[in-house]
Amino acid sequence: MKRRLVMCMLILLLVTSGLALFPGEKVYACSCVESDVQERLKTNTTVFTGEVVKKGRSQQSKHDGLLREYTFDVDTAWKGVNAKKMKILASDGGSESCGIQFEKNQSYLIYAYQYEVDHKLHTNLCSRNVPIEQAGDDLKLLGAGKVVSKEDFGETNDGGGRTGPLYLILYGGVILLAALAIVWIWKRKKRI
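Values in this document were obtained by computation on a predicted structure and should not be read as measured data. (Residues numbered from 1 in each chain as written. Predicted model: local features only at pLDDT ≥ 70, side-chain atom pairs only at ≥ 80, totals over all residues. Heavy atoms only, no water.)

*Asks:* Can you help me understand the overall build of the protein in this one?
*Replies:* On a plain count of helices and strands, the protein comes out with five helices and seven strands. Going residue by residue from the N terminus, the α and β elements of the protein occur as α-α-β-β-β-β-β-β-α-β-α-α. Accessible surface, the protein as shown: approximately 13500 Å² in total, 60% of it carbon and sulfur. (Helix = DSSP H or I, 4+ residues; strand = E, 2+ residues; numbered from the N terminus. Areas by Shrake-Rupley, 256 points an atom, 1.4 Å probe, with all protein chains shown as cover.)

*Asks:* So what exactly am I meant to see when it comes to the nonpolar core here?
*Replies:* The nonpolar side chains of soluble globular proteins are, as a tendency, buried together. Counting residues in each nonpolar core, the largest one holds 18 residues, and the members touching the most others are Phe48, Phe72, Val81, Met86, Phe102 and Ile110. When contributions to this core are tallied by element, the ones reaching two or more residues are β1 (46-61), β2 (65-79), β3 (85-91) and β4 (107-114). With four residues, the top contributor of residues to this core is β2. Residues Trp78, Leu109, Tyr111 and Ala135 belong to the second largest nonpolar core, which totals nine residues. (Core = buried A, V, L, I, M, F, W, Y, C linked by side-chain atoms within 4.5 Å. Buried < 20%, exposed > 50% of the residue type's maximum accessible area, 1.4 Å probe, protein only.)

*Asks:* I would appreciate a short explanation of a nonpolar patch on the surface in the present structure.
*Replies:* Together, Leu176, Leu177 and Leu180 make up a nonpolar patch on the protein surface, roughly 330 Å² of accessible area in all. Examined against the element boundaries, Leu180 turns out to sit in helix α5 (residues 165-191). (Patch = residues over 30% accessible without salt bridge, like charges linked within 9 Å, V, L, I, M, F, W, Y side chains within 5 Å. Salt bridge = Lys/Arg side-chain N within 4 Å of Asp/Glu carboxyl O.)

*Asks:* Which parts of the structure should I look at to understand the state of the cysteines?
*Replies:* Each disulfide is one covalent bond, formed between the sulfur atoms of two cysteines. Throughout the structure, instances matching the rule amount to one disulfide. Disulfide partner of Cys32: Cys126, at an S-S distance of 1.9 Å. On the sign convention where negative means left-handed, the S-S torsion of about -75 degrees between Cys32 and Cys126 marks this disulfide as left-handed. Placement of the pair is Cys32 in the loop between α1 (2-21) and α2 (37-43) and Cys126 in the loop between β5 (121-123) and β6 (130-131), with a sequence separation of 94 residues. (Disulfide = S-S within 2.5 Å.)

*Asks:* How should I be thinking about the pattern of salt bridges in this particular structure?
*Replies:* Any two side chains of opposite charge can pair, given that their charged atoms come close. Following the criterion strictly, the structure yields five salt bridges and no others. We note a salt bridge from Arg68 to Asp92, for which the minimum N-O separation is 3.0 Å. Taken together, the residues span a long stretch of sequence, with Arg68 in strand β2 and Asp92 in the loop between β3 and β4 at a distance of 24 residues. Asp92 matches Arg68 in its accessibility class, with the two residues each being buried. Of the charged contacts in the structure, one is a salt bridge between Lys85 and Asp73, with a shortest N-O distance of 4.0 Å. Taken together, the residues Lys85 in strand β3 and Asp73 in strand β2 connect sequence positions twelve residues apart.

*Asks:* Looking at this structure, how should I read unusual backbone geometry?
*Replies:* Glycine aside, negative phi is the norm for most residues, and most peptide bonds take the trans geometry. Of note, Cys98 is a non-glycine position whose phi angle comes to about 65 degrees, a positive value. Given the relative accessible area of 15%, Cys98 is considered buried. Unlike most non-glycine residues, Asn105 shows phi in positive territory, near 70 degrees. Its location among the elements puts Asn105 in the loop between β3 and β4.

Next comes the structure, spelled out in structure tokens:
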């Protein structure tokens, strides 16, 4: 009986010391810094009003937790819009993790930034996106934006990612040059 009690105490001690030595990930609640409309216009990559026309699935990101892709049909632009339809990735957790959800067929004032890791447009609760019905004060302060049509830019932007044909040609050219250099060096060494 005594031996069993000592073993249980040792196991409990090992488990608790293991938890103390290797704590889980720290979790922080969402905390947003207040900013006015002009500051948000200056610090964000893209500012526009638009209607959600497509709501993607929630997916786990390596760097940002849960993300959901939304496609917006842009009405008016103030900054950074290069297509009639813009794709934005939004943090999809709850408000405690700065998550935000947009409803399909609803219009919003969107503030989005280009994320350094994936070069796509992202937004979250702290960006201060609002439904168009609640954006009156922001819209007054932003002033007149540019009304956007398909003829201005084309149909869709992929959110800023580098996947267009120009990049494919450039990457292919670099790979081809590297392969030619390797073959040239290899043949030169064989001659010597």
